[in-house]
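Chain by chain, the residues run as shown.
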Amino acid sequence: MSATLRDNARLWTGTATVVGLVGLWLIGSASGFISAQNFPSPEQFFAAAKQLVVGEGFADGRIHEHMLQSVKLILLGFFAATAIGVPLGLWMGWSRTAEALVNPIFLLVRPIPALAWIPLAIVWLGLGDAAKVMILWFAAFVPSVINSFTGVRSIERPIIEASAMLGVRGWTLVKDVIVPGALPSIFTGLRLSLQGCLTALVAAELLGALLGMGKVLYQAGLDIYPAMILAGMVAVAIVGFGLTAILDFVERRSMPWRTTH
Amino acid sequence: MGDKLQNRRLMWLSATGLLIFFGLWTFAAWVELAPRKFLPLPWDVVERGFALMSRPFSGQTLQGHLAASIDRYLRGFLLAAAVGVPLGLLMGWYRWLDNMITPLFDSLRFIAPIAWVPFAALWFGTGIGGPTMIIFAGAFPPCLINAYRGARFVEKKYIEAAQVYGASGPRIIYEVLLPASLPSIIAGLRIGAGAGWQSLIGAELIAANSGIGLMMVRGQGALDTSIVMVGMIAVGLFGLLVDVALRGVEAWVNHKRGH
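Remember, it's a predicted structure, so these values are computed and weren't measured experimentally. (Residues numbered from 1 in each chain as written. Chains lettered and ligands numbered in written order. Predicted model: local features only at pLDDT ≥ 70, side-chain atom pairs only at ≥ 80, totals over all residues.)

Novice: Tell me what's going on with the overall build of chain A, and back it up with residues and numbers.
Specialist: Counting its regular elements, chain A contains ten helices and zero strands. Counted from the first residue to the last, chain A has its helices and strands arranged as α-α-α-α-α-α-α-α-α-α. Computed over C-alpha atoms, the radius of gyration of chain A comes to 23 Å, more than 25% over the 18 Å expected from 2.2 N^0.38 for 261 residues, which places it beyond the range of a compact globule. Principal-axis analysis of the C-alpha atoms places the extent of chain A at approximately 75 × 60 × 30 Å. Residues classed as buried in chain A amount to 41% of the 261 residues present. (Helix = DSSP H or I, 4+ residues; strand = E, 2+ residues; numbered from the N terminus. Rg over C-alpha atoms; globule rule 2.2 N^0.38 Å. Buried ≥ 20, exposed ≤ 12 C-beta atoms within 10 Å, placed from the backbone.)

If you want it as structure tokens, here you go:
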């Protein structure tokens with residue numbers, strides 16, 4: 001009961017705040033207090049959004065083309081990195097030998113932020129898709145390794161001892177002990193990997209791309225077209241929201257034994 | 001005895017791992033798998049690093065670029081901490097503020113910090129202001145979220161005890177919530193420091209007139225891979241240094257609290 005009341009209060013206050021801000025935006029733009037050169041008025045924003053979604057498009061494409069291009073690259077980089085990173089992290093977590101062999105190399109790569117790979121990727125692979133997948137690979141690889149690793153290390157000892165006593169080995173051990181035990185932490189890693197991919201892709205596209213949401217932002221910045229900058233940012237937020245929601249769904253489906261998260 | 005042998009074996013394995021990495025790199029560069037310009041030898045990169053310290057590139061020496069980056073970084077990060085932490089604590093105490101800001105914050109969260117670059121450049125230029133805003137955008141959310149969560153999960157009995165003695169809201173925040181959520185706040189600062197540093201490099205790559213990111217992007221333009229690699233090493237080392245320092249603070253605070 002009191003929880004519902006509190007939710008209601010949140011809903012009302014939240015809505016009131018948003019309405020208030022939109023009101024300030026309307027008044028500020030109409031009165032000229034917010035300069036149109038710095039921030040678009042609502043009409044300008046809707047005109048830009050319309051141009052991007054149903055009109056002639058912007059920066060060589062309409063919004064669905066830009067979004068598809070960006071999402072395609074994010075998924076490519078994300079899966080290429082996590083398909084290697086998660087097993088590698090699990091292996092390093094399980095075997096001290098693997099940890100000793102791989103960890104020093106990993107420690108060299110780990111402190112370099114994903115965005116710092118961009119110039120190297122461009123020198124090596126140019127401005128096309130290959131360079132972006134390389135950048136995204138590094139963005140997603142590091143978090144997926146670290147969290148899979150800590151996931152295995154956080155499995156409680158009695159579980160590991162029991163499985164050893166029962167003679168669980170090989171694929172069964174991986175499938176029934178290691179992966180389920182590490183799964184919450186693996187998903188934390190996947191979430192960070194996905195966020196990293198989104199940030200890295202926008203940055204990479206801002207530095208040079210033929211198509212993509214970062215290209216929209218870049219072109220809009222170059223043309224000093226604030227309404228289109230805002231429209232591009234909304235597109236980035238929508239893609240970020242959508243991809244995170246899909247991952248949330250997969251997470252809930254994979255761990256039905258966890259009622260809350 | 002067995003442990004010692006085991007440790008020796010692991011150390012050898014670690015050395016082997018590093019040897020394989022540098023061995024492959026050196027071999028690939030030595031047989032010119034790609035032209036030297038694109039794949040320099042490891043010691044060429046080191047040599048270039050030292051050369052950049054005395055001979056300016058893109059208007060600054062290596063340490064000059066690094067100093068420009070660190071200057072922006074400190075401004076942006078300190079601003080994010082100075083706004084984020086108090087706001088998070090206030091939101092943890094005043095329900096109405098929480099209700100007002102959380103929905104707004106939740107919707108802005110999905111915008112990657114780097115997507116603010118065009119507006120940042122438009123509003124604050126490409127000197128100090130624009131990149132500082134991007135660092136702020138990267139470092140602010142973890143500072144706020146961790147202070148907020150820390151304040152929300154303070155044990156009820158401490159707050160009730162303070163209320164029994166008639167402590168006011170601001171006093172409870174300062175004397176109960178702040179100390180109780182300190183570990184969470186410091187963890188947030190550490191995450192924010194990393195995110196801010198990465199955002200700064202991104203901002204400098206795209207739109208800045210100095211800094212380590214600019215040096216890297218100019219090196220890229222000149223197809224000089226060793227400059228790019230020197231930049232990556234410098235970025236990695238400074239990031240690591242900040243992280244190690246904040247880890248030290250974290251350990252010290254937890255130790256003081258007897259954890």
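This is not the end of the story, as more comes after the structure.
Novice: Pulling in residues and values, what's your account of the overall build of chain B?
Specialist: Helix and strand counts for chain B come out as eleven helices and zero strands. Moving toward the C terminus, one meets the helices and strands of chain B in the order α-α-α-α-α-α-α-α-α-α-α. For a compact globule of 259 residues, the expected C-alpha radius of gyration is about 18 Å, and chain B comes in at 23 Å, more than 25% above that figure. Within chain B, buried positions represent 39% of all 259 residues. Sequence separation of at least 24 residues holds for 74% of the intrachain contacts in chain B that already meet a minimum separation of 6. (Contact = placed C-beta atoms within 7 Å.)

Novice: Explain the environment of B:Ala81 to me, and be specific about the residues and the numbers.
Specialist: Along the polypeptide, B:Ala81 turns up in helix H3 (residues 62–93). Sequence separation between B:Ala81 and B:Pro142 is 61 residues; the distance between their C-alpha atoms is 9.3 Å.

Novice: Lay out the domain arrangement of chain B with the relevant residues and their values.
Specialist: Buried accessible area, meaning the area lost when the parts come together, often serves as the stated size of an interface. Residues and elements named next belong to chain B. Each assigned domain of chain B is listed with its residue range as follows: domain 1 (1–33) and domain 2 (36–256). Each of domain 1 and domain 2 was reduced to a C-alpha centroid, and the two centroids are 34 Å apart. Across the side of domain 1 that touches domain 2, the residue classes break down as six nonpolar, one polar and one charged. (Domains from an automatic or database assignment. Nonpolar A, V, L, I, M, F, W, Y, C, P; charged D, E, K, R; others polar.)

Novice: Please provide a residue-by-residue account of the nonpolar core, values included.
Specialist: One finds A:Ile135, A:Leu136 and B:Val117 to be the most contacted residues of the largest nonpolar core, which totals 133 residues. For this core, the element with the most residues is helix H8 (residues 170–207) of chain A, which contributes 16 residues. (Core = buried A, V, L, I, M, F, W, Y, C linked by C-beta atoms within 7 Å.)

Novice: Mind laying out unusual backbone geometry, listing which residues take part and the relevant values?
Specialist: Residue and element names in this part refer to chain B. Although it is not a glycine, Glu-32 sits at a positive phi angle of roughly 55 degrees. Position of Glu-32 among the secondary structure elements: in the loop between helix H1 (2–30) and helix H2 (42–54). Of the residues examined, Glu-32 has 10 C-beta atoms within 10 Å and is grouped as exposed.

Novice: Let's hear about the packing of helix H9 (residues 182–206) of chain B against helix H11 (residues 225–256) of chain B: which residues, and what values?
Specialist: Residue and element names in this part refer to chain B. Running from amino to carboxyl end, H9 crosses H11 at an angle of 175 degrees, the nearest separation of the two axes being 9 Å. By the angle between their axes, H9 is roughly antiparallel relative to H11. Side by side, H9 and H11 meet where Leu-182, Pro-183, Ile-186, Ala-187, Leu-189, Arg-190, Ala-193, Gly-194, Trp-197 and Ile-201 of the first sit next to Val-235, Gly-239, Val-242, Asp-243, Leu-246, Arg-247, Val-249, Glu-250, Val-253 and Asn-254 of the second. Per-class residue counts for the contact of H9 with H11 are 13 nonpolar, three polar and four charged. (Axes fitted to C-alpha atoms, helices over the stretch in contact; angles between N-to-C directions. Parallel < 35°, antiparallel > 145°, perpendicular 65-115°, else oblique.)

Novice: Go over helix H7 (residues 157–165) of chain A with me, naming the residues and quoting the values.
Specialist: Counting buried positions over the nine residues of H7(A) gives zero, only a small fraction of the element. One or two residues past the end of H7(A) sits A:Gly167, with phi positive at roughly 75 degrees.

Novice: Provide a residue-level description of the packing of helix H9 (residues 213–222) of chain A against helix H10 (residues 226–254) of chain A, including the pertinent values.
Specialist: All names here are of chain A. At a minimum axis separation of 8 Å, H9 and H10 run at an interaxial angle of 165 degrees. Between H9 and H10, the angle falls in the class roughly antiparallel. Crossing of H9 against H10: the hand is left-handed. Facing Met-213, Val-216, Leu-217, Ala-220 and Gly-221 of H9, the residues of H10 in contact are Met-228, Ile-229, Gly-232, Ala-235, Val-236 and Val-239. Looking at the contact of H9 with H10 residue by residue, the class counts come to nine nonpolar, two polar and no charged. (Left-handed = near helix turned anticlockwise from the far one by under 90°.)

Novice: Please set out the interface of chain A and chain B residue by residue, giving values where relevant.
Specialist: Chain A puts 43 residues into the contact, and the matching count from chain B is 43 residues. Contributing elements (two or more residues each) for the side of chain A that touches chain B: helix H1 (2–31), helix H4 (96–109), helix H5 (118–125), H8, H9 and H10 of chain A. In terms of residue count, the dominant contributor to the side of chain A that touches chain B is H4(A) (eight residues). Residues belonging to the side of chain A that touches chain B are distributed by class as follows: 32 nonpolar, nine polar and two charged.

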